[in-house]
Amino acid sequence: MGSLLCEHCLAACCRYIALPLDKPTTARDYDDIRWYLMHQGVTVFVEEGDWYVQFQTRCKNLAADNRCGIYESRPEICREYEPGECDYAGGTYEYDNLFTHPQQIDEYYLQKTGRKLEPAGEQGPRRRARPAKRKSAKRSVLVALTS
Ligand code: SF4
Ligand code: SF4
């Protein structure tokens, strides 16, 4: 965030994080993504064939004047970011796919497989760890409150 371009930007690159997702292959994978998209500020996008989940969340180090409050010690990922090839482009950013609503996943799945995406309960053994709703954390708080 040090270039001339950044002077005119509202620090678009400091207002989200995006994490890679395993490419969905099963109905359950798509159903999980559908669930991500039910949450405020969550989008899923595909870029050069890779899937990502994005959370709209402002960096805690972003100052009121849209400058980095820890510029000298900012993380590597921020240093590598090139003004001009960045989020400044906004709406012109070229995704392979951008999903902002759960219905878009339904449509994508239907188009891809010719089948409707329907929750079918458990579909055999799970191949990998699934997203969790932190039940255990909530439960431990409840135990602490009631004991
Ligand atoms: S989005 Fe681009 S122009 Fe805006 S602050 Fe980040 S690097 Fe600078
Ligand atoms: S550390 Fe600084 S440059 Fe990096 S996202 Fe936060 S405010 Fe932006």
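Residues numbered from 1 in each chain as written. Chains lettered and ligands numbered in written order. Predicted model: local features only at pLDDT ≥ 70, side-chain atom pairs only at ≥ 80, totals over all residues.

Some remarks on the overall build of the chain
Counting secondary structure elements, the chain contains five helices and four strands. The secondary structure elements of the chain, listed N-terminal to C-terminal, are α-β-α-β-β-α-β-α-α. Buried residues in the chain amount to 7% of all 147 residues. Put simply, 69% of the contacts in the chain that link residues at least 6 apart link residues at least 24 apart. (Helix = DSSP H or I, 4+ residues; strand = E, 2+ residues; numbered from the N terminus. Buried ≥ 20, exposed ≤ 12 C-beta atoms within 10 Å, placed from the backbone. Contact = placed C-beta atoms within 7 Å.)

A short note on the site of ligand 1
The immediate surroundings of ligand 1 are formed by twelve residues, with Cys6, Cys9, Cys13, Cys86 and Tyr88 found nearest. For the shell around ligand 1, the per-class residue count stands at eleven nonpolar, no polar and one charged. (Near = placed C-beta within 6 Å. Nonpolar A, V, L, I, M, F, W, Y, C, P; charged D, E, K, R; others polar.)

A look at the sheet that holds strand β2 (residues 42-47)
Sheet architecture is open: four strands sit in the order β1-β3-β2-β4, paired in antiparallel fashion. Looking at the sheet topology across the chains shown, the edges are occupied by β1 (16-21) and β4 (97-99). Taking the axes of each pair of neighbouring strands and ignoring which way they run, one obtains an average angle of 20° across the sheet. By the bridge criterion, six bridges tie β1 to strand β3 (residues 50-56) in an arrangement that is antiparallel. (Pairing = 2+ DSSP bridges. Axes fitted to C-alpha atoms, helices over the stretch in contact; angles between N-to-C directions.)

Considering the site of ligand 2
Around ligand 2, ten residues are found, and the nearest of them are Cys14, Cys59, Asn61, Cys68 and Cys78. In terms of residue class, the shell around ligand 2 is made up of eight nonpolar, one polar and one charged.

Focus: the pairing of β2
With six bridges connecting them, β2 and β3 associate as antiparallel partners. Note on β3: the bridge partner recorded for Thr43 is Gln54. Hairpin connection from β2 to β3: two residues lie between these consecutive antiparallel strands, with Glu48 at a positive phi of about 50°. Alignment of β2 against β4, held across three bridges, turns out to be antiparallel. Across the sheet, Val46 pairs through a bridge with Asn97, a residue of β4.

With respect to the environment of Leu5
Relative to the assigned elements, Leu5 resides in helix α1 (residues 4-7). Leu5 sits 83 residues away from Tyr88 along the chain, and the two C-alpha atoms are 8.3 Å apart.

Let's talk about the confidence of the model for the chain
When pLDDT is averaged along the chain, the result is 83, and 76% of the positions lie at 70 or above. Looking over the chain, one finds the lowest element-wise mean pLDDT in helix α5 (residues 135-146), namely 45, and the highest in helix α4 (residues 102-113), namely 97. With pLDDT under 50 throughout, residues 136-147 is counted as low confidence; its partners more than four residues away or in other chains account for zero contacts. (pLDDT = per-residue confidence, 0-100.)

Considerations on the packing of helix α2 (residues 27-36) against α4
Contact pair α2 / α4: the axes reach a minimum separation of 8 Å and the direction vectors enclose 160°. The orientation of α2 with respect to α4, classified from their angle, is roughly antiparallel. For the pair α2 and α4, the sense of crossing is right-handed. The segment α2 lies against α4, with Tyr30, Ile33 and Arg34 engaging Pro102, Ile105 and Tyr109. (Parallel < 35°, antiparallel > 145°, perpendicular 65-115°, else oblique. Left-handed = near helix turned anticlockwise from the far one by under 90°.)

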